[in-house]
Each structure stands twice: as structure tokens, then as C-alpha cells.
Amino acid sequence: MNFILEATVKAVKHLYNTDIAAADINLQETRKEFEGQVTVVTFPFTKFSKKSPEQTGADIGTFLQDELVDVTGFNVVKGFLNISLADSYWIKQLYTEILPDNFAVAVPNGKKVMVEYSSPNTNKPLHLGHVRNNLLGFSVSEILAAAGYEVVKTNLVNDRGIHICKSMLAWQKFGEGETPESTGMKGDHLVGKYYVIFDKEYKKQIEELKAAGQTEDDAKKNAPLIKEAQEMLQQWEAGNEAVITLWKTMNNWVYTGFADTYKKLGVSFDKFYYESDTYLLGKDIVDEGLAKGVFFKKDDGSVWIDLTAEGLDEKLVLRSDGTSVYMTQDMGTAQLKYNDYHMDKSIYVVGNEQDYHFKVLFTILNKLGKDGAAGLYHLSYGMVDLPSGKMKSREGTVVDADDLMEEIEQKAKDEAEKRGKIDDFGEDEKANLFHTIGMGALKYFLLKVDPKKRLLFDPNESVQLEGHTGPFIQYTHARIKSLLRKAKITGNNISINQLAVEERELILALTQFPGIIQTAAEGYSPAIVANYVYELAKNYNKFYHQCPILSLEDEVLKQFRLQLSAASGKVINKAMKLLGIEVPERM
RNA sequence: GCACUUGUAGCUCAAUUGGAUAGAGCACCUGACUACGGAUCAGGAGGUUAGGGGUUCGACUCCCUUCAAGUGCACCA
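Quick caveat: nothing in here was measured; it's all calculated off a predicted structure.

(A) Seen up close, the nonpolar core. Grouped together as the largest cluster of nonpolar side chains are 145 residues, with contacts concentrated most on Leu 128 and Phe 560. The element contributing the most residues to this core is helix α22 (residues 555-578), with 11 residues. Ile 305, Val 325, Met 327 and Ile 364 belong to the second largest nonpolar core, which has 25 residues in total.

Here you go:
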């Protein structure tokens, strides 16, 4: 649509002798109830045209129609100039822009972006909240890559600390040598089981101490189990061989389990960082900050930054005993990542409960003048809530990621078998399809919502397969493929003179795809792609119902509609890939 | 208490970043060529955009305020 913008700039210059930038022109899709396909909002021009919005629109419209052969007409409603483009223009768009293989393939922009996501703790299996994180991180990576970035996907694994010691201790005390092999349990679930056991036994001890007269706070501190866990953490830090061996063993169980879950989710990483390697980093940055006067030291030796001028608080960056806190590590890790990759942007996909932490972290790195600090971004997403409220692992109200995927595949299976269209599929083929549809439903459900909003998930209603859903879009694709199996595309560059409304609207929707990718990349929002591809599928379905294809006598028109169908199928496929969703040939 | 975020149809979500009569899906009602694949399509009903004030040609969108919900305010991560 650049040619409309350029001509409008020219029109304004010519008519009103005023210079405007193309980027300042508000160009939008014409609403369905008016004639035309693109609309220029002309209200802002009245400032210098000194005429009514109607007259201004009419002036510019006339100019455009004289200037551009593809503009066949216009109408003006208040400050809206609705422009009609020739059918030949849209047909040309299909053949010269949309159908070629390089449609919506961005030229590399020479910039590198790192996306950190998932970042699990190694003491329990992944749950629904992690699922949202993983899908967001993966999809945003795909979108950025499609927008021309070189993308590095990283996972910062929280593999050390008191939480994993709790699981280790409980396993040592109550595990009786259980292993994933001996129990047949997935490694992460087995370790999670002992995390729960720890909590149960710990609570028991707290109650006992309270019964013996201690206050709740004292009991929490004095319970033997928590003391043992803290001791174990110290031994770990001291490099105690037995503790390290146990730690490695149990973490490996978890990694095997995670790998399985990641595979089912369809997410992947280019680089893993482990906190056991990074938790001591950052102290040199503390020194640097002190030298630069960005940080200050209190009498007890602790180091702080004063961010009250930025509307934040004073924040601790190093303990008085010289050990690291979360912030210290994250400063160090940011530096490590930058040293490794020298990326232009660095995205952290982390829940909104850490908004404050990242605000402080980024402010610090900017104040220190660190390279890459300007490119830091916290992709903050809302919590996933159940109808009963927040998920609480200790209260057993978490929705486990593996269970969830299994349930949804089961539902996809029930629905598919009910419809009986794939009875000739082999067993593997069926299993594959159920996974595709189930994951399509789940991923689409989680990704269609604006990341920053909290998300309500009702496990009882599970995920819908009809309406505004992933399977709706997958179905549209499968139907296009079915069509293309029955009739072959023979020619290219077929010329027809006139378009049906549905055809024009479908082409219009297709042309928007590259812009959608850019917008989604700028906003780090898979939801934009998700809502677009739904609109596109609806447009196709409308066309499909309204316009006959296979039964057509007119071979030229038939070929055109087949080409249009093929183009739609391709864009649906590409858009869904950006969401990490596969589309089937049949379903 | 302070800070940040959110509030749109009964429910789940949109709204081209300040533009036209606020749009979809689910659920509810009515229809569709003897199915080019009905996981589809067409139509109906459903709204004081949480309440109030302001800014301007124009506000779901920006500002102020009240209310409600969520999150954060550790020498935890």
C-alpha cells in the first residue's frame, strides 16, 4: 500500500503546499459497510487544508484517481476517504506478491536477538504456567526470525538452591532407592514427588513444635528437616562429593523428563545456561559499579543502589557477607550472555510477578552503561488462573503439563473418531494426527490471548475444538489440501477480469501477512498472528462456501480459484508455524 | 499502606495503538446447495467498554478520581 501513501504525500504537497511524512498517514482497511478497500483518515489534514473534512477528502481522492491507474474510484464519509482499487490490481497482487515463494520471507536485518524462556526449577515437573511461558517464548522466537532477526533461544535452568535440596533430602530419607527405572515414573515427576513429601513431613514437624509451645515462625526455622536441607545446601556449595553426586543424579532424572515434555510441546533451545555455573557471577560488576559510583557500600559492608530518583527503592546488590543475591547473579548472567553472543536485543520471557525485579535489573545495567543494555526487554506475561483461583503446587491444584497434553490429545481422538473421516489412517498416522490437533487446540488457546493479560483456564471444559480455535484453522487447511488433491493446478498467471467480493476480501487478507509479522515482532505478541490467521481462515471459508470450484466449467476461473486456495493454504501454514502449530493434510 | 498491571455481551477474547454504527467465538434460538470435507456457512438475540469527571473534530484507547481483582514491596530465587 506504499504507493497510496506516497501519492497522498504528493497530493498534500500539491494541493496544500504542506510536507507530511508517509508514516504519519493513517491508512486502514475500509470497513465492510462502505465501498472500497483502503481508507485514508483525512481529519488531520484539515489543519492545513483549511477546508471541511469532506472537501479535503474529495480533493485528495480526485488527485489520487488522476494520479494512479489502479485507483478506480473513491467516496468520502466525514473524514474518511475510502478508495477502491481495480480488481486487476488485486489479481496482480496474488500472482506477483503472494504466490511467489519469497512472500513474507523477510530479508535478514543483520540484528541478533536472544530469547530466554522456560527457565524451570529442577525440583518438580512443568505445569500449565510453564506451558504458557514455553509457548510464548518459542512463538516469539519464530516471529522474530520471520521478521528478519537472527534468533538465539536460551534456557536458564535453575538447577541449584534450597528447593532441589529439599527433594534430595526427602529422597534420601524416604526414597528407599527409588529410580525412574524402578518405578516407571518420569524423572521430573519422581523428583517432584519427593518435593511434595518433603513439604508434608516438614509441616508435620512444624505442627509438633507448635504443640510443644513454639511460635509458628520459630517452628518454621527450627524444624529439623529445614535445618538439614540448609546444611545440605552448604555441603553442596562446599563441593561435598556425595551431595554433588546425588544432585547430579536427580537433576539428570529431571532433565530426561523435561526433554520429553519439551519434545511434546515442540519447543527447543540453542543454548542452556545453568545457575550452578552462574550463581557466583556478578561480583566483578558490583566492584565496577562501586568504582563508577553507581553503587554505594553501607557500614556493614553490604552494597546497594539508590533508585529513588527513578521512582524505585534502594536495592541490595551484594550481601554484607559478600555473597550474591538474585540481582547479583542476574547482572552477571546478562554480562555472560552478552559476551557469548553480542546480541542487539535480549528478551526475558518471565511472569509479571517479576516486573519489579527486571525494572531494577535493566535500570542498573543502563546506569552502568553496559553494552546491550538498551536492548533489554522483559516479556512479562500474566498468570494462568483456574476457575478455583490461583494454582498452588502445595495444595495440589496445579495442572500438570504432561497430564494436560494427554487429556487434550484424548479429546482430539474422541472427536476425530466420532467424525470418522480418518478410518483408513494407520495407527502411527492417527496418533500423530491426534497430537497435532490436540496441541493445536491447546497452543492456540494459550497464544490467542494478549501475553500481558492473565489467562483463565478451565480444565473441566478443556479446550474447545470448534469456533475460534486452532482446530478450526487446521480444518480450513485440511479442506484446502483436499481440494488441491482433487484438481491439479496446471497453469500460472491466469488472467480473469473480475473478482467476487469474497475473492477480493480474501486476497486483501493475504496481502496483510507480511505487515502482521512485523507488528507481532515489534509487540512481541503471538496473539496478533493468532487473531490474524483466524480472520484469514474465516475469509477463506466464506469464499469456499460462496464460490464453487471443482464443478466449474470455466477452466480459467477454476484455475484462478485453485491458485487462490493454494495461496491461502500456504499462508495459513506459515502463520500457524509462527505459533508453533502444525497443520494436517487431512483430519 | 505504597508501587505496577488488569477491568469490554451471561462466559472466553478482539478492536489496525486516538478514528466510522465497539467486533468474533462459546452457550441460546432460526436456517443452508440431496455435503467441491457440516471441526463449515448464513441469520437472530445479547453492550451506559467497572462508575464519575476532563482533554478534542473524534476516547475502549490519553489525564485525574472512585471501586473491584491480580502481582510485587527479603541480606529468598
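(B) Molecular detail of the sheet that holds strand β15 (residues 455-456). Taking strand neighbours across the sheet as the criterion, the three strands line up as β14-β13-β15 in an open arrangement whose pairing is mixed. A single partner strand is all that each edge strand has here, and the edge strands are β14 (389-390) and β15. Both strand β13 (residues 384-386) and β14 contribute to a ladder of two bridges, which runs antiparallel. Residue pairing for β14: Asp 385 is matched across the bridge by Lys 390.

(C) Structural view of the sheet that holds strand β7 (residues 271-274). Taken together, five strands build an open sheet; the order of strands is β7-β6-β5-β11-β12 and the sheet is parallel. Either end of the sheet is taken by a strand with one partner, and the two such strands are β7 and β12 (376-381). Ignoring strand direction, the axes of neighbouring strands in this sheet form an average angle of 25°. Contacting β5 (112-116), β6 (150-157), β7 and β11 (345-351), helix α14 (residues 326-341) crosses the sheet at an angle of about 150° to β7.

(D) Region of the structure containing the domain arrangement of chain A. If you check the domain split of chain A, you get domain 1 (2-85), domain 2 (112-385) and domain 3 (401-578). Across the domain 2/domain 3 interface, buried area totals approximately 2600 Å², and carbon plus sulfur atoms make up 65% of it. Sorting the residues of domain 2 by area buried against domain 3 places Arg 132, Ile 143 and Asp 385 first, and these three jointly supply 24% of that buried surface. Where domain 2 touches domain 3, the interface holds three salt bridges. Lys 264 is paired through a salt bridge with Asp 402; the nearest N and O atoms lie 3.7 Å apart. The tally of links from domain 2 across to domain 3 stands at 16 residue pairs in polar contact (both at pLDDT 80 or more).

(E) Inspection of the pattern of salt bridges at higher detail. In the structure shown here, the tally under the stated rule is 31 salt bridges. Across the salt bridge formed by Lys 292 and Glu 288, the nearest N and O atoms sit 3.0 Å from each other. In this pair, Lys 292 and Glu 288 both sit in helix α13 (residues 283-292), four residues apart, roughly one turn of the helix. On the basis of relative accessible area, Lys 292 is assigned to the partly exposed category, the value being 48%. The partner of Lys 298 in a salt bridge is Glu 314, with the nearest N and O atoms 3.5 Å apart. Linking Lys 298 in the loop between β8 (295-297) and β9 (303-306) with Glu 314 in strand β10 (residues 314-318), this pair joins segments that are 16 residues apart in sequence. By relative accessible area, Lys 298 is classed as partly exposed at 32%. Taken together, the shared-partner salt bridges connect Lys 186, Asp 188, Asp 260, Lys 264 and Asp 402 into one network.

Basis of the calculations
- Residues numbered from 1 in each chain as written.
- Chains lettered and ligands numbered in written order.
- Predicted model: local features only at pLDDT ≥ 70, side-chain atom pairs only at ≥ 80, totals over all residues.
- Heavy atoms only, no water.
- Core = buried A, V, L, I, M, F, W, Y, C linked by side-chain atoms within 4.5 Å.
- Buried < 20%, exposed > 50% of the residue type's maximum accessible area, 1.4 Å probe, protein only.
- Helix = DSSP H or I, 4+ residues; strand = E, 2+ residues; numbered from the N terminus.
- Pairing = 2+ DSSP bridges.
- Axes fitted to C-alpha atoms, helices over the stretch in contact; angles between N-to-C directions.
- Contact = heavy atoms within 4.5 Å.
- Domains from an automatic or database assignment.
- Buried area = accessible area lost by both parts, 1.4 Å probe.
- Salt bridge = Lys/Arg side-chain N within 4 Å of Asp/Glu carboxyl O.
- Polar contact = N/O pair within 3.5 Å; in protein donor to acceptor, adjacent residues only side chain to side chain.

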